[in-house]
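# Descriptive analysis of the structure
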Amino acid sequence: MGTVKLSIVAPCYNEEEVISEFYRRLSDSCLDAVPSGEFEMIFVNDGSIDSTPQILLDLTRNDERVVFVDLFRNHGHQLAVSAGLMQAQGDRVMLIDADLQDPPELLPDFMRKMNEGFDVVYGQRISREGETTFKRSSAALFYRFMSRLSSPPIPVDTGDFRLLTREVVEQLNRMPESHRFIRGMVAWIGGRQTPLQYERASRFAGETKYTLSKMVRLAFDAITGFSDAPLRLAIMMSVAATVVALSMIVYVIISFFFFEPAPGWTSLGIIMLVFSAVQLFCIGILGEYVGRIFVQAKQRPLTHVRAIIRGGTQSKHGDT
Ligand code: UDP
Ligand code: MG
């Protein structure tokens, strides 16, 4: 294979209903974006338990440009994308979801925008179709919260639908963190970044693979990975708690000397509840960070790759 001008990285988890259609629309747009055909489409099977791997295997037999990265188990979207990024050989790399929520037809637009000299062109959603009000409002709230917390700020209403230069991809591949929040990592890398606004379509078929618990985990990874403000929050809360405690002491002393003393157990109960809540919360925050240090200290490989099929032939097993 000669030079690869564009790599596509698409994570797939139980997407048997959408992959064929996704592949069809994606390869058309790739040809529009790179008419010479010097592109590769990397599909990462994130431990699917349906027929996704078989469908992908068939694609590799019929199309040399399909690269199939088969992970040992489900690692989640962010790690699946990371495993794909490690295999990408292109001068530019496009991250895209396999469920057709990110329209592949925008590829030529992304490429043109990057020609203006940008390092990153990120898709910014101006609308989201076919998602629940809960998903939309929790996402909107979260993006705004995150962009205030993190430094440098992460642009609001962006997902991982984006085009990156080789330089940015290599930088990403050099970042060893196991709890990955790719859009935050890209913001951290910096360079010349610009949005490309688009309307987020609804899923072509199937259901969201981002369960509530996966969303919450991503949110925690984002906050703890990109901000130490929660650590300071713990200190601020303990200061506030001290102030409350001091004024309670003053109140008890004054009422003891000048009024009817308040019945002891009520205030005691309240104080105990309030303080144990605060303490538990702070311990919880510490736990979030310590847990991540623990995982990172183990220095495990991010994922384990069972097989890579490129240009129709299977290459090594290995870690990424
Ligand atoms: N995905 C994955 N591993 C997971 C969950 C999701 O590789 O554990 C993939 C999924 O197949 C899709 C993309 O990540 O291509 C985005 O997931 P999904 O559409 O379910 O999330 P949503 O768009 O609802 O946030
Ligand atoms: Mg989706």
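Residues numbered from 1 in each chain as written. Chains lettered and ligands numbered in written order. Predicted model: local features only at pLDDT ≥ 70, side-chain atom pairs only at ≥ 80, totals over all residues. Heavy atoms only, no water.

Within the protein, the secondary structure is distributed over 10 helices and 10 strands. Summarising the internal contacts of the protein: among those between residues at least 6 apart in sequence, 79% fall at separations of at least 24. (Helix = DSSP H or I, 4+ residues; strand = E, 2+ residues; numbered from the N terminus. Contact = heavy atoms within 4.5 Å.)

A few words on the pattern of salt bridges. Overall, the coordinates contain 17 salt bridges when judged by the stated rule. Its salt-bridge partner being D102, residue R200 comes within 2.5 Å of it at the nearest N-O pair. One end of the pair, R200, is in strand 7 (residues 193-200); the other, D102, is in the loop between strand 4 (92-95) and helix 4 (107-115), and 98 residues separate them in sequence. Side by side, R200 and D102 carry an identical accessibility label, which is buried. A salt bridge links R292 to D221; the shortest N-O distance between them is 2.6 Å. Of this pair, R292 sits in helix 10 (residues 264-297) while D221 sits in helix 8 (residues 212-226), placing them 71 residues apart in sequence. You can call D221 buried: its relative accessible area is 10%. Each of the salt bridges in this network shares a partner with another, and the network as a whole consists of E15, D99, R203 and K209. (Salt bridge = Lys/Arg side-chain N within 4 Å of Asp/Glu carboxyl O. Buried < 20%, exposed > 50% of the residue type's maximum accessible area, 1.4 Å probe, protein only.)

Scanning all chains against the criterion turns up 7 aromatic pairs. Ring geometry for F110 and F161: centres 4.9 Å apart, planes at 65 degrees, overall edge-to-face. Residue F110 is located in helix 4, and its partner F161 is located in strand 6 (residues 158-165); the two are separated by 51 residues in the primary sequence. Look at F110 and you get buried, because its relative accessible area is 0%. (Phe/Tyr/Trp six-rings, centres within 6.5 Å; stacked < 30°, edge-to-face > 60°.)

Here we come to the coordination of the magnesium ion (ligand 2). For the magnesium ion (ligand 2), the full set of protein donor atoms is D99 (OD) and Q101 (OE1), at a range of 1.9 Å. Each member of the pair, D99 as well as Q101, carries the same accessibility label: buried. (Donors = N, O, S within 2.8 Å, 3.2 Å for Na, K, Ca; no water.)

Running from N to C, helix 6 (residues 166-174) and helix 7 (residues 182-189) point in directions that differ by 115 degrees, and their axes come no closer than 10 Å. Relative to helix 7, the crossing made by helix 6 is right-handed. Residue-level contacts link V168, Q171 and L172 of helix 6 to I182, M185, V186 and I189 of helix 7. In terms of residue class, the contact of helix 6 with helix 7 is built from 6 nonpolar, 1 polar and no charged. (Axes fitted to C-alpha atoms, helices over the stretch in contact; angles between N-to-C directions. Left-handed = near helix turned anticlockwise from the far one by under 90°. Nonpolar A, V, L, I, M, F, W, Y, C, P; charged D, E, K, R; others polar.)

Turning to the site of ligand 1, a few remarks are in order. Not every one of the 19 residues close to ligand 1 is listed here, only the nearest: E15, D46, D99, T208 and K209. A distance of 3.1 Å is found between an oxygen atom of ligand 1 and a side-chain nitrogen or oxygen belonging to N74. One nitrogen or oxygen atom from the side chain of Q101 is found 2.6 Å from an oxygen atom belonging to ligand 1. Protein coverage of the free-state accessible area of ligand 1, which is 530 Å², stands at 96%. (Near = heavy atom within 4 Å. Polar contact = N/O pair within 3.5 Å; in protein donor to acceptor, adjacent residues only side chain to side chain. Areas by Shrake-Rupley, 256 points an atom, 1.4 Å probe, with all protein chains shown as cover.)

Attention now goes to the UniProt feature "domain: Glycosyltransferase 2-like" (unreviewed entry) in the protein. Sequence positions flagged by UniProt for "domain: Glycosyltransferase 2-like" (unreviewed entry) are, in local numbering, residues 7-171. As annotated, residues 7-171 comprises 42% helix and 24% strand, and the C-alpha atoms at either end are separated by 16 Å. (UniProt positions renumbered as here; feature names shortened; annotations may be inferred.)

In this numbering, the UniProt entry assigns the feature "transmembrane region" (unreviewed entry) to residues 233-259 and 265-290. Taken end to end, residues 233-259 is 96% helix and 0% strand, and its first and last C-alpha atoms sit 37 Å apart.

Within the secondary structure, E177 sits in the loop between helix 6 and helix 7. Here the alpha-carbon distance between E177 and S227, two residues 50 residues apart in the chain, equals 14 Å. Those residues in contact with E177 that sit more than four places away from it in its chain are M185, F226, Q296 and L302.

Helical geometry note: an α-helix holds 3.6 residues per turn, so side chains three or four residues apart project in the same direction. Extensive coverage of helix 7 is indicated by the burial of 6 of its 8 residues. Turning to helix 7, its buried residues number three or more, namely I182, R183, G184, M185, V186 and A187. Where helix 7 ends, the next residue or the one after it, G190, has phi of about 80 degrees, a positive value.

Our next topic: the state of the cysteines. Using the criterion set out here, one finds 0 disulfides in the structure. C12 carries a free sulfur, and the closest cysteine sulfur to it, the one in C30, is 14 Å from it. (Disulfide = S-S within 2.5 Å.)

A separate point is the pairing of strand 1 (residues 6-12). Burial analysis of strand 1 places 7 of its 7 residues in the buried class, the great majority of the element. Of the two faces of strand 1, both are covered, the one formed by L6, I8, A10 and C12 as well as the one formed by S7, V9 and P11. Looking at chain direction, strand 1 and strand 2 (residues 39-45) are connected through 7 bridges and run parallel. The partner of C12 across the bridge, within strand 2, is N45. Between the parallel elements strand 1 and strand 2, the chain passes through helix 1 (residues 19-33) in a crossover that is right-handed. (Pairing = 2+ DSSP bridges. Right-handed = clockwise from strand over helix to strand, strands pointing away.)

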